[in-house]
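Structural description and commentary
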Number of protein chains: 2
Amino acid sequence: MTVQGYNVAVVGATGAVGEKMLETLSKKNFPINELHLLSSKRSAGKEIEFNGETHIVKEATPESFEGIDIALFSAGGSVSKALAHEAVKRGAVVVDNTSAFRMDKDVPLVVPEVNEEDIAKHNGIIANPNCSTIQMVAALKPIQAKFGLSRVIVSTYQAVSGAGAKAVNELQTQAEAYLRGEEMEANILPVSGEKNHYPIAFNALPQIDVFQDNGYTFEEMKMINETKKIMHDEHINVAATCVRLPFFTSHAESVYIEITEDNISVEQIHEALSNADGIVLEDDITNQVYPTPQSASGKSEVFVGRVRKDLDNSRGFHLWVVSDNLLKGAAWNSVQIAESLIKNNWLQK
Amino acid sequence: MTVQGYNVAVVGATGAVGEKMLETLSKKNFPINELHLLSSKRSAGKEIEFNGETHIVKEATPESFEGIDIALFSAGGSVSKALAHEAVKRGAVVVDNTSAFRMDKDVPLVVPEVNEEDIAKHNGIIANPNCSTIQMVAALKPIQAKFGLSRVIVSTYQAVSGAGAKAVNELQTQAEAYLRGEEMEANILPVSGEKNHYPIAFNALPQIDVFQDNGYTFEEMKMINETKKIMHDEHINVAATCVRLPFFTSHAESVYIEITEDNISVEQIHEALSNADGIVLEDDITNQVYPTPQSASGKSEVFVGRVRKDLDNSRGFHLWVVSDNLLKGAAWNSVQIAESLIKNNWLQK
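For clarity, every value in this text was computed on a predicted model and none was experimentally measured.

**Section: the environment of Gly316 of chain B**
All names here are of chain B.
- As for its position among the elements, Gly316 is in strand β14 (residues 316-323).
- Overall, Gly316 belongs to the buried group, its relative accessible area being 0%.
- A C-alpha to C-alpha distance of 38 Å links Gly316 and Lys28, two positions 288 residues apart in sequence.
- With residues up to four places along the chain from it excluded, the contact list for Gly316 reads Tyr256, Ile257, Glu258, Arg308, Lys309 and Asp310.

**Quick notes on the domain arrangement of chain A**
Residue and element names in this part refer to chain A.
- Domain annotation for chain A reports domain 1 (6-129 + 330-343) and domain 2 (133-325).
- Here the C-alpha centre of domain 2 lies 25 Å away from the C-alpha centre of domain 1.
- Across the interface of domain 1 and domain 2, roughly 1,500 Å² is buried in total on both sides, 63% from carbon and sulfur atoms.
- Looking only at domain 1, the three residues that lose the most surface to domain 2 are Met103, Glu113 and Val114, adding up to 32% of its buried area.

**Some points on the UniProt feature "active site" (unreviewed entry) in chain A**
Residue and element names in this part refer to chain A.
- This chain's UniProt record puts "active site" (unreviewed entry) on Cys131 and His251. In terms of the greatest pairwise C-alpha distance, the residues named above, spread along 121 residues, form a tight cluster of at most 8.2 Å across.
- Residue placement: Cys131 occurs in helix α4 (residues 131-147).
- Among the structural elements, His251 can be located in strand β11 (residues 251-258).
- If sequence neighbours within four positions are ignored, His251 has contacts with Cys131, Ser132, Gln135, Tyr157, Gln158, Ala159, Gly162, Arg244, Val321, Val322, Ser323 and Asn325.
- Within the structure, the side chain of His251 is placed 3.5 Å from the side chain of Gln158, a separation counted as a polar contact.

**Describing the interface of chain B and chain A**
- Counting from both sides, the interface comprises 66 residues of chain B and, opposite them, 66 residues of chain A.
- When chain B packs against chain A, the two sides together hide about 5,500 Å² of surface, and 55% of this comes from carbon and sulfur.
- Ranking the residues of chain B by area buried against chain A places Phe202, Gln288 and Gln294 of chain B at the top, with a combined share of 13%.
- Taking the shortest distance from any N to any O, the salt bridge between Glu258 of chain B and Arg151 of chain A comes out at 3.0 Å.
- Our count for the contact surface shared by chain B and chain A stands at 45 residue pairs in polar contact (both at pLDDT 80 or more).

**Regarding the relation of the copies chain B and chain A**
- For the pair chain B and chain A, the best superposition has an RMSD of 0.0 Å and corresponds to a rotation of 180° with a translation of 0.0 Å parallel to the axis. When the rotation and shift are considered jointly, the pair of chain copies conforms to a two-fold rotation axis.

**As for the environment of Ile143 of chain A**
All names here are of chain A.
- By the element assignment, Ile143 lies in helix α4.
- Relative accessible area serves as the criterion here: at 0%, Ile143 is assigned to the buried category.
- When the C-alpha atoms of Ile143 and Glu271 are compared, they prove to be 9.6 Å apart, with 128 residues separating the residues in sequence.
- For Ile143, the contacting residues outside a window of four places in its chain are Gly148, Ile257, Ile259, Ile269, Leu273 and Leu319.

**Remarks on the sheet that holds strand β6 (residues 70-73) of chain B**
All names here are of chain B.
- Taken together, the six strands give an open sheet; going across it, the order is β5-β2-β1-β6-β7-β8, and neighbouring strands pair in parallel fashion. Single-partner strands in this sheet number two, and they are β5 (58-59) and β8 (125-127).
- Sheet topology places strand β2 (residues 32-39) next to β5; two bridges connect them, and they run parallel. By the bridge assignment for β5, Leu38 is matched with Lys58.

**Some words on the packing of aromatic side chains**
- Enumeration according to the criterion identifies 15 aromatic pairs over all chains in this entry.
- Measuring from centroid to centroid gives 6.2 Å for Phe211 of chain A and Tyr290 of chain B, while their planes differ by 50°, and the two rings are tilted. With Phe211 of chain A in the loop between α5 (165-179) and α6 (218-230) and Tyr290 of chain B in the loop between β12 (279-281) and α8 (293-296), this pair bridges two chains.
- Considering the side-chain rings of Tyr290 of chain A and Tyr198 of chain B, the 5.7 Å spacing of their centres and the 70° angle between planes classify their relative orientation as edge-to-face. Of this pair, Tyr290 of chain A sits in the loop between β12 (279-281) and α8 (293-296) while Tyr198 of chain B is found in the loop between α5 (165-179) and α6 (218-230), placing the two residues in two different chains.
- The exposure class assigned to Tyr198 of chain B is partly exposed, which follows from its relative accessible area of 23%.
- Three or more aromatic residues joined by ring pairs make a cluster, and in this case those are Tyr157 and Trp320 of chain A together with Tyr157 and Trp320 of chain B.

**Brief notes about empty space enclosed by the protein**
- Following the criterion strictly, the structure yields three cavities of 30 Å³ or more and no others.
- Along the wall of the largest cavity there are 16 residues; nearest its centre are Ile153 and Ser155 of chain A together with Ile153, Ser155 and Ser254 of chain B.
- Where the lining of the largest cavity is concerned, the elements lending two or more residues are β9 (151-157) and β11 of chain A together with β9 (151-157) and β11 (251-258) of chain B.
- Grouping the amino acids of the lining of the largest cavity by side-chain chemistry returns eight nonpolar, eight polar and no charged.

**Regarding the pairing of β11 of chain B**
Residue and element names in this part refer to chain B.
- A large share of β11 lies buried, amounting to eight of its eight residues.
- The alternating pattern of β11 places His251, Glu253, Val255 and Ile257 and Ala252, Ser254, Tyr256 and Glu258 on opposite faces, both of which are buried.
- As paired strands, β9 and β11 are joined by seven bridges and run antiparallel to one another. Across the sheet, the residue bridging to Val152 is Ile257, located in β11.
- Here β11 pairs with β14 via eight bridges, running antiparallel. Within β14, the position partnered with Tyr256 by the bridge is His318.

**Focus on the packing of α4 of chain A against α6 of chain A**
All names here are of chain A.
- Here α4 crosses α6 at 40°, and the two axes come no closer than 9 Å. The angle between α4 and α6 falls in the class oblique. Pair α4 / α6 crosses with right-handed handedness. In this structure, α4 contributes Ser132, Thr133, Met136 and Val137 to the contact, and α6 contributes Glu219, Lys222, Met223, Glu226, Thr227 and Ile230.

Conventions adopted
Residues numbered from 1 in each chain as written. Chains lettered and ligands numbered in written order. Predicted model: local features only at pLDDT ≥ 70, side-chain atom pairs only at ≥ 80, totals over all residues. Heavy atoms only, no water. Helix = DSSP H or I, 4+ residues; strand = E, 2+ residues; numbered from the N terminus. Buried < 20%, exposed > 50% of the residue type's maximum accessible area, 1.4 Å probe, protein only. Contact = heavy atoms within 4.5 Å. Domains from an automatic or database assignment. Buried area = accessible area lost by both parts, 1.4 Å probe. UniProt positions renumbered as here; feature names shortened; annotations may be inferred. Polar contact = N/O pair within 3.5 Å; in protein donor to acceptor, adjacent residues only side chain to side chain. Salt bridge = Lys/Arg side-chain N within 4 Å of Asp/Glu carboxyl O. Least-squares fit on C-alpha atoms with pLDDT ≥ 70 in both. Pairing = 2+ DSSP bridges. Phe/Tyr/Trp six-rings, centres within 6.5 Å; stacked < 30°, edge-to-face > 60°. 1 Å grid on protein atoms, 1.4 Å probe; cavity = no way out; pocket = protein on both sides within 12 Å on 5 of 7 lines; lining within 4 Å. Points joined across faces, edges and corners; volume = space filled by probe spheres on them. Nonpolar A, V, L, I, M, F, W, Y, C, P; charged D, E, K, R; others polar. Axes fitted to C-alpha atoms, helices over the stretch in contact; angles between N-to-C directions. Parallel < 35°, antiparallel > 145°, perpendicular 65-115°, else oblique. Left-handed = near helix turned anticlockwise from the far one by under 90°.

Right, dumping it as structure tokens:
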């Protein structure tokens, strides 16, 4: 029996997430017939190996999507806004890893472990949530399902790779300069193109993405709004403080939650997490077992540790949630959505 | 007019905090008659410059405190337990920067901006709170005084210097190894003497100090218990998650609070903080102004930014609090207590 192959386009193939997207497609043996690697005009012409074959990256245009079944977009919001509908017009289903369509009412926003069934409602575009949202809702879903969830207060510890390859390079270059006793040069972080830049090496920057009028950053508002949409509950109170830190890969999150049921023990939360798809419980304080950005990097799962009951609120719990922001936070979640489209026959509308 | 001088002993003079203690005494022109630098047997004999004079560090023994007026202890809890009462017996007032006596009922635990009047109640020992507690309560006090305070949920971003000079050296050595593409060796962090050690360079470790039976670390319990004692309110709900991060100096804190008054604006919180002693408001998001560990290092004040109202709870606010853990978090707060003892004639009981 031969597995049917699909014509797949990867838009933003030369970026940090694009690279992980290709690695993931290969590793998970995604059934590919033709693979089209697309990018901006600037990166067109580059050569990329995939499963032993050399592919030449082409400039993404509306015509690039003729004959494409699945288009994985991760080239920034403006590219998605310009080309996603063109791809849909030509018959492709788009899995978009930018913030362009996430809050659109007719675009499903999906973390398969949480709301896979929403994929069925797509009109050609399915949005991949923000990396920091994905890992949090993946960890909270099994808890919400069993014990209800009324409140989330999260403080994040986010890796520089979330800001792209240039930010990764900036951390490396600054750290080298600092250790040589030289001045650190800051040109990218906290936000590429913003007025001010500050060193990230041996520092912490309480700004990810631009500020909104309400005093929150766009990253914080993404966590707040996307969580409610993915978890199908406008009434969950969500608050977020997002901080960029000097490590390369994997975001960590200190998450305080209030559940709706009372008299629930840490053991019951452990049990709910242990039985959940895509979650690995790493919580054994006697042996100092808890996840860290370094221990989670390169892995597909969401890791949870430090589960403990609040000392004052009997419905309150604290969790430490870590996951690779480029894999579950981006590439792997997108490929999971694509796998689900195929598995459930949701490609054709 | 001559300023009276005092005989001052610094116990732990060769440590990371001891060094800052001497710098601070010098910088603030503390009225010193005789300065005695004391340490463990191992460090005795070292020479240290102070205001242009060379002092030889002597081993701390009970007899070292004969004739001493003020003894500043920062040589670890076991040294304080062994020698603080010996110093008091000989007429010294001890300002102790360890956790040895902090929760003792008859030992005042003091952040001068918050509860200076507690110093008057001392029986020879005044405790300096934990670094992460000091900066938080300093920021919260003006808010509590004006608007009441019922709840605190804090996630910390703590510098390696809080774990001493060996941890500072470990971060430096690991970062150098990583950037050369070599394996990182971990021997100190998260907790010196614990079973397992993990790299801190380009990582985040959700463990500071040892775990307690309730699942919280000792650092987290310090923040919880000390906050209630310093702020004179057992009923404030406090929860903490403490995380060690790869920067050298200054702790940052993402603090969620609930105040008791309703209809308070961010501008009113700003005003309360602006008028408070020892607090610097750095909160202008239009110009990306907020404190960072690097911007706060080497300064005595507590810096507050990112003040914003919770989107669901009208009594909830979020703050970002940063301060130099070796200065306000340790040396400067101790010297402030010593200054207050003199200024208020509280040395003699």
